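Working through the structure, step by step
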Amino acid sequence: MQAKRDQDFFWEGIDRGVLLAQKCDGCGQLRHPPQPGCAKCGSDQWSETVLSGEGTILAFIESVHPTRRDEESRCVCLVELPEGLRMISSLLDPENAGNGAAVKFEIAEHNGQLLPLVRTVGESQ
Amino acid sequence: MSGPGKTAVTGIGQTAYTKESGRTVMSLCAEASAKAIADSGLERGQIDGLISFTMDTNSDMDLQASLGLPMVRFTAKAPFGGEGAYATFQLAAAAIESGQANNVLIFRAFNERSEARFGQPNYGPQGAPRDLHRSLGLVTPGQVYAMWHKPFLDARGLTNEDLGHLVVQMRAWAANNPAAWFYGRPITLEDHQRSRWIVDPVLRLYDFCQETDGGVAFIVSRLDTARALSQNGGSPLVRVLGVQQAWPLGESMMYNYYKSNLVFPEDTVHVANALWEQTGLSPAEIDVSTIYDNFSSSIPISYEGYGLCKPGEVRDAILAGEFGPGGSTPVNTNGGLIGEAYLHGLNNAAECVRQMRGTSPNQIEGAKVALCAGRQCGMVLARE
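Residues numbered from 1 in each chain as written. Chains lettered and ligands numbered in written order. Predicted model: local features only at pLDDT ≥ 70, side-chain atom pairs only at ≥ 80, totals over all residues. Heavy atoms only, no water.

1. A few points about helix α7 (residues 223–231) of chain B
Residue and element names in this part refer to chain B. Restricting attention to buried positions, one finds in α7 the residues Leu223, Ala226 and Leu229. For α7, the angular spread of the buried residues around the axis is 125 degrees, confining them to a single face. Here the buried face of α7 lies against β1 (7–14), α1 (25–40), β7 (213–222) and β8 (238–245). Where α7 ends, the next residue or the one after it, Gly233, has phi of about 90 degrees, a positive value. (Buried < 20%, exposed > 50% of the residue type's maximum accessible area, 1.4 Å probe, protein only. Helix = DSSP H or I, 4+ residues; strand = E, 2+ residues; numbered from the N terminus. Arc of directions from axis to C-beta. Contact = heavy atoms within 4.5 Å.)

2. Examining the pairing of strand β1 (residues 20–24) of chain A
All names here are of chain A. With respect to burial, β1 is a largely interior element, four of its five residues being buried. By the bridge criterion, five bridges tie β1 to strand β3 (residues 46–50) in an arrangement that is antiparallel. In the sheet register, Leu20 faces β3, and the bridge partner there is Val50. As judged from the two bridges shared by β1 and strand β2 (residues 30–31), these two strands associate in the antiparallel manner. Bridge pairing in β2 links Lys23 to Leu30. Between β1 and the antiparallel strand that follows it, β2, lie five residues; Gly28 among them carries a positive phi value of about 85 degrees. (Pairing = 2+ DSSP bridges.)

3. Points about the interface of chain A and chain B
Counting residues at the interface gives 37 residues for chain A, matched by 32 residues for chain B. In total, chain A and chain B occlude about 2,800 Å² of area from one another, counting both sides; carbon and sulfur atoms represent 60% of this. For the chain A face of the interface with chain B, the top three residues by lost area are A:Ile61, A:Arg86 and A:Ile88, together amounting to 23%. Across the contact surface, chain A and chain B share one salt bridge. Residues B:Arg130 and A:Asp15 are paired through a salt bridge, measuring 2.8 Å at the closest nitrogen-oxygen approach. (Buried area = accessible area lost by both parts, 1.4 Å probe. Salt bridge = Lys/Arg side-chain N within 4 Å of Asp/Glu carboxyl O.)

4. Notes on helix α5 (residues 160–174) of chain B
All names here are of chain B. Between the first and last C-alpha of α5 there are 20 Å, a value that for 15 residues agrees with the 21 Å anticipated at 1.5 Å per step. Those residues of α5 that fall on the buried side of the exposure criterion are Asn160, Asp162, Leu163, Gly164, Leu166, Val167, Gln169, Met170, Arg171, Trp173 and Ala174. Looking at where α5 begins, the residue whose side-chain oxygen comes 3.3 Å from the main-chain nitrogen of Glu161 is Thr159. (Expected span 1.5 Å × (residues − 1). Polar contact = N/O pair within 3.5 Å; in protein donor to acceptor, adjacent residues only side chain to side chain.)

5. Notes on the packing of aromatic side chains
All names here are of chain B. Scanning the model with the defined rule gives 15 aromatic pairs over all chains in all. Residues Phe110 and Tyr342 carry aromatic rings whose centres are separated by 6.3 Å and whose planes lie at 25 degrees to one another, so their mutual orientation is stacked. Of the two residues, Phe110 sits in strand β4 (residues 103–111) while Tyr342 sits in the loop between α11 (336–339) and α12 (346–357), which places them 232 residues apart along the sequence. Each member of the pair, Phe110 as well as Tyr342, carries the same accessibility label: buried. Ring centres of Tyr257 and Tyr258 lie 5.9 Å apart, and the angle between their planes is 80 degrees; on these two criteria the pair is classed as edge-to-face. Of the aromatic side chains, those joined through ring pairs into one cluster are Phe110, Phe118, Tyr292 and Tyr342. We note Arg171 situated over the ring of Phe182; from NZ or CZ to the ring centre the distance is 3.4 Å. (Phe/Tyr/Trp six-rings, centres within 6.5 Å; stacked < 30°, edge-to-face > 60°. Lys NZ or Arg CZ within 6 Å of the ring centre and 35° of its normal.)

Bear in mind that shape data such as this cannot, by itself, settle questions of function.
Set out below in structure tokens:
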């Protein structure tokens, strides 16, 4: 049997259509990326919590696959979540990329995998 | 804090830096190591410690066999690769100052261009499970680093063209260094801006370090041993005046997206402050520096982190040419990892030693103190 990864609960959430993070049972601190223990209090007890799915772009870059040049490039972005976490995602509407742009997470397929992608919301549409 | 260090770099050795060595990694490692031992003036039997970092794949015992070292009493590995590279000198000092070794060999060798290339995409094995970074599009080191360098660059008003001005200065040094990949090939800003985007809008081709096949090695010795070697016709004494690591909670070596302040290089600032405390020096007393430059965008972050300029002034320093020939804070006089070779940072340490010996191809006249700067580790060398 394959050993479970610390981040597997996150992907099981994606497959169920929810964006999850760990919440420490000891002190209530949220954390991402997933880790077995809490950096604030050291507890290894935690529960899943559903995130709002909102966020803001802090920075973005174009990712071109170095050897599969025919593959479409992706706009990878660093997203700040209102819960005080950050997440790496890629933008479904790269033409609207901008620092400070508000985004909403959409669980969508890319290259046959369900992923937590983002789309800008608001005036830039 | 322990006060100034009691070790010295007595030997340096390196292979040719190529793109296709056609040899085993161990043969490169052994060549660089044998040259370092010969350069130190020590006998093989006097080398009793072996140190590298965890990403190096050379077996200590295979190296021992190849060099014919009769007895190894101390081995250790510093964490990761390049950005922890100078931590190897701290491990050497720890071993020597505590009496567990007398003369330590530090080594790093790989066929990083002709065999396993760091710059190749890492999608993991076929059918690998989804991942928080790779699956979202961060598949190469350039992309991984550009993603967290960008907020710093934005905060300091640094564009890719500004990085181009910096690369021109690095390449001017490399052009005069016969060991450099880009020896005899300086570039203009226009050349830089014409090189193709690799990670738009942060890094173009010329912003990347050189994937390299090769090896580099050092001998670190007790201060009294080093003094005796130097006085008996050896090279000038190059003292490891200070060497420090810092890994503050929240910083990550590669995927550094989750730290509290994206613009503040907390790890580097901790290393720098610890170095100044250990050596009693200040940034103004540094005559020459190397800065770990896996990408051009790494340089301004560390330059500011080590206090070589005030926060917010790094763009002005770049545009004024302070990093290159004739600049007030010469950086990477070997051409750096961008211009000379990528020996995972340790070739920059070799350049610091040459500067202190007075043997750099781009010798800074009268240089007596060198800073060998990495992100989570750094070292101050001084000529005695």
